[in-house]
Amino acid sequence: MEVLATNITHKDPNHNNENDIGRCVVLFLSGALILYGAWLWWRVLPSEIAWLVLLLIACMLFSVYGGLVYLNNYLRWNRTTETISVQHETLVIKCHGCIFHRKKEIPLSAIQRIDTYDGRTLWLWSRLPETLRVVYSNSRRYRFGLCMTDAERDALAKKIMDFVNQ
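So, a few notes on the structure that sits alongside this text. (Residues numbered from 1 in each chain as written. Predicted model: local features only at pLDDT ≥ 70, side-chain atom pairs only at ≥ 80, totals over all residues. Heavy atoms only, no water.)

### Describing the packing of helix H1 (residues 17-44) against helix H2 (residues 50-78)
Where we set the bar: An axis is simply a line fitted to the C-alpha atoms; with a helix, the fit covers only the stretch in contact. Between two such axes, the angle follows the N-to-C directions and lies from 0 to 180 degrees. Helix and strand definitions follow DSSP, with helices as H or I runs of at least four residues and strands as E runs of at least two, each counted in order from the N terminus. Reported orientations rely on four angle classes, namely roughly parallel under 35 degrees, roughly antiparallel over 145, roughly perpendicular from 65 to 115, and oblique for the rest. Handedness of a helix crossing follows the sense of rotation of the near helix relative to the far helix, less than a right angle counterclockwise being left-handed and clockwise being right-handed.
Where H1 meets H2, the closest approach of the two axes is 8 Å, and the angle between their N-to-C directions is 160°. In this view, H1 runs roughly antiparallel relative to H2, as classed from their interaxial angle. Both H1 and H2 take part in a crossing whose hand is left-handed.

### Re the sheet that holds strand S7 (residues 140-146)
How we decide: In this analysis, strands are considered paired if DSSP registers two or more bridges between them. It only takes one pair of heavy atoms within 4.5 Å for two residues to be counted as in contact.
Spatial ordering of the open sheet is given by S5-S6-S7, a layout of 3 strands whose pairing is antiparallel. Bordering the open sheet on either side are strand S5 (111-116) and S7, each of which pairs with just one other strand. Pairs of neighbouring strands in the sheet enclose a mean axial angle of 25°, with direction left out of account. When S5 meets strand S6 (residues 130-136), the two strands line up antiparallel, connected through 5 bridges. Residue pairing in the sheet places Ile114 in a bridge with Val134 of S6. Each of S5, S6 and S7 is contacted by helix H3 (residues 150-165), which is oriented at about 175° to S5, the strand it contacts most.

### What about unusual backbone geometry?
Negative phi is the rule for most residues except glycine; trans is the rule for most peptide bonds. Here is the rule: Think of it in three bands: residues with accessible area under 20% of the maximum for their type are buried, residues over 50% are exposed, and the middle band is partly exposed, with areas taken using a 1.4 Å probe on protein chains only.
Unusually for a residue other than glycine, Glu89 sits at a positive phi of about 60°. Topologically, Glu89 is positioned in the loop between strand S2 (81-87) and strand S3 (90-96). Take Glu89: its relative accessible area is 58%, and that puts it in the exposed class. A positive phi angle, near 50°, is found at Cys147, a position not held by glycine.

### A few points about the pairing of S2
Relative to S2, strand S1 (residues 2-8) is paired through 6 bridges, and the arrangement is antiparallel. Looking at S2, one finds that Ala5 is bridged to Ile84. Where S2 meets S3, 7 bridges bridge the pair, whose relative direction is antiparallel. Among the inter-strand pairings, Thr83 is bridged to a residue of S3, identified as Lys94. The hairpin formed by S2 and S3 contains 2 residues between the paired strands, and His88 there has a positive phi angle of roughly 50°.

Next comes the structure, spelled out in structure tokens:
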């Protein structure tokens, strides 16, 4: 096992962590209100309209999941450690210290290229801390490289591509 990089996240002055926490609180509170409304409707409405209560509970679960996603994003910016290593002809990326632990094993023979990543997504109204994206196996992608500088990012991409070319 050869450890290529260990990335410890740090607070980025260009990223506003209060937005992630605010969105997390709003989604958790809306989930609690939806659950309370579902409980009230369950007590008042006849049993023939129970599907409406189940729909509200599904919305509540979606809201709680959204809150967990934003809380996970906050933790990835502030308290996460990522280890990138090569083991048995496989690139292994482990991310600890967040709610949704990430571990990815990508065969070196499947890696096509490594691109820079700016942290922007279409569905999440927040910036992600990842700086690299590996493309493998017919355009599948995986983001990694938490809070790396440009020099660190380029050096890590070169190391990985050297292993791929061997």
